[in-house]
Amino acid sequence: MITVISPEKLYLSAGTVVRSPATWQEYQTLCEQRGDDSIPRLKYRSGEVLLMSPLPKHGRDVSLIADIIKVLLDSTGCEYDSFTPVTMQLPEESGIEPDYCFYIDHWQTVSGKERIDWCNDPPPDLVLEIDITSYSDVQDYLPYRVPEVWLFRNQHLLIYQLQGDEYGIASQSQYFPDVNLSQIVARCLEIAYQRNTSAAIRDLRQQLGH
C-alpha cells in the first residue's frame, strides 16, 4: 500500500483510507493540491480530514445504482438534475463529496447553475453513497439536512431519511414508495456482475415496461 501526502504530491493506493487531525485551512489546501482530479476523495468534519482512494468495484456500483435511480425517475416522468462528482462545503464545519446526488423536488432551484451555494441553496433531495472501505457515514449529511441518503454497504441497500435532527432507517424511499428497491438493486447487481451494467439496465427497463 502506497500513501504519499506532501506539498508536491497527493497519492493513495486504491482501497486506502487515511484519517488525520486537520484544520479547515489544511483541508482547503488538500483540495487545492488535488486540483481538478476527483481522487483521492476528501472529507472534513470536526477537526478531522479523511482521504480515500476508491476501488474499481466502488465506481462500478456507483454507476449502476445511479443508473437504477435515473431509470426509476424516468419511469415516473419525474424531472430531476443529478451531479457527480460534486463537493459540498460549509466553511469551517463540513466538506463532503457524495458519490452521486439528485435534485428531484428542488431541481428548478439549481437548474443552470455552475456553482451551488451550500449555505443558501437547498441541499440535494437524494444522495447515494457506496461504502466499501468504511469511509461513508450518513451522519456527515446532517449539517446540510439532505432529506434522504442511500447507503450501499455489504451488498445491501440502506435507506436513511432525515427525522428531526438525526437520520433513521426507512423501509421505503419517499421518491419510490411503491417499489421494492432492495429486490431491484439485488437483481441488477446479479446481472451486472454476471454480464455487464448495460444488460442489467436493459432488464430493469423491460421490467418497468419501457
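Look a little higher up for the structure.
Residues numbered from 1 in each chain as written. Predicted model: local features only at pLDDT ≥ 70, side-chain atom pairs only at ≥ 80, totals over all residues. Heavy atoms only, no water.

## A few points about the nonpolar core
Phase 1 of the analysis: Ranked by size, the top nonpolar core spans 33 residues in total, and within it Leu-64, Ile-68, Phe-102, Trp-150 and Phe-176 carry the most contacts.
Phase 2 of the analysis: Elements with a contribution of two residues or more to this core: α2 (56–75), β9 (100–103), β10 (126–131), β11 (148–153), β12 (156–163), α4 (181–194) and α5 (197–207).
Phase 3 of the analysis: Ranked by residue count, the leading element in this core is α2, at 9 residues.
Phase 4 of the analysis: Ignoring sequence-local partners within four residues, the contact set of Phe-102 consists of Ala-66, Ile-69, Lys-70, Leu-73, Tyr-80, Asp-81, Ser-82, Pro-124, Asp-125 and Leu-126.
Phase 5 of the analysis: In this structure, Tyr-141, Val-149, Leu-151 and Tyr-160 belong to the second largest nonpolar core, which totals 18 residues. (Core = buried A, V, L, I, M, F, W, Y, C linked by side-chain atoms within 4.5 Å. Buried < 20%, exposed > 50% of the residue type's maximum accessible area, 1.4 Å probe, protein only. Helix = DSSP H or I, 4+ residues; strand = E, 2+ residues; numbered from the N terminus. Contact = heavy atoms within 4.5 Å.)

## Side note on the pairing of β10
Consecutive side chains of a regular strand alternate in pointing toward one face of the sheet and then the other.
Phase 1 of the analysis: Most of β10 is tucked away: 6 of the 6 residues are buried.
Phase 2 of the analysis: Here β10 shows a buried face lined by Leu-126, Leu-128 and Ile-130 and a second buried face lined by Val-127, Glu-129 and Asp-131.
Phase 3 of the analysis: Where β9 and β10 come together, 3 bridges link them in antiparallel fashion. For Tyr-100, the partnering residue across the bridge sits in β10 and is Leu-128.
Phase 4 of the analysis: Examined bridge by bridge, β10 and β11 share 6 bridges and lie parallel to one another. Each residue of the ladder has a partner; that of Leu-126, found in β11, is Glu-148. (Pairing = 2+ DSSP bridges.)

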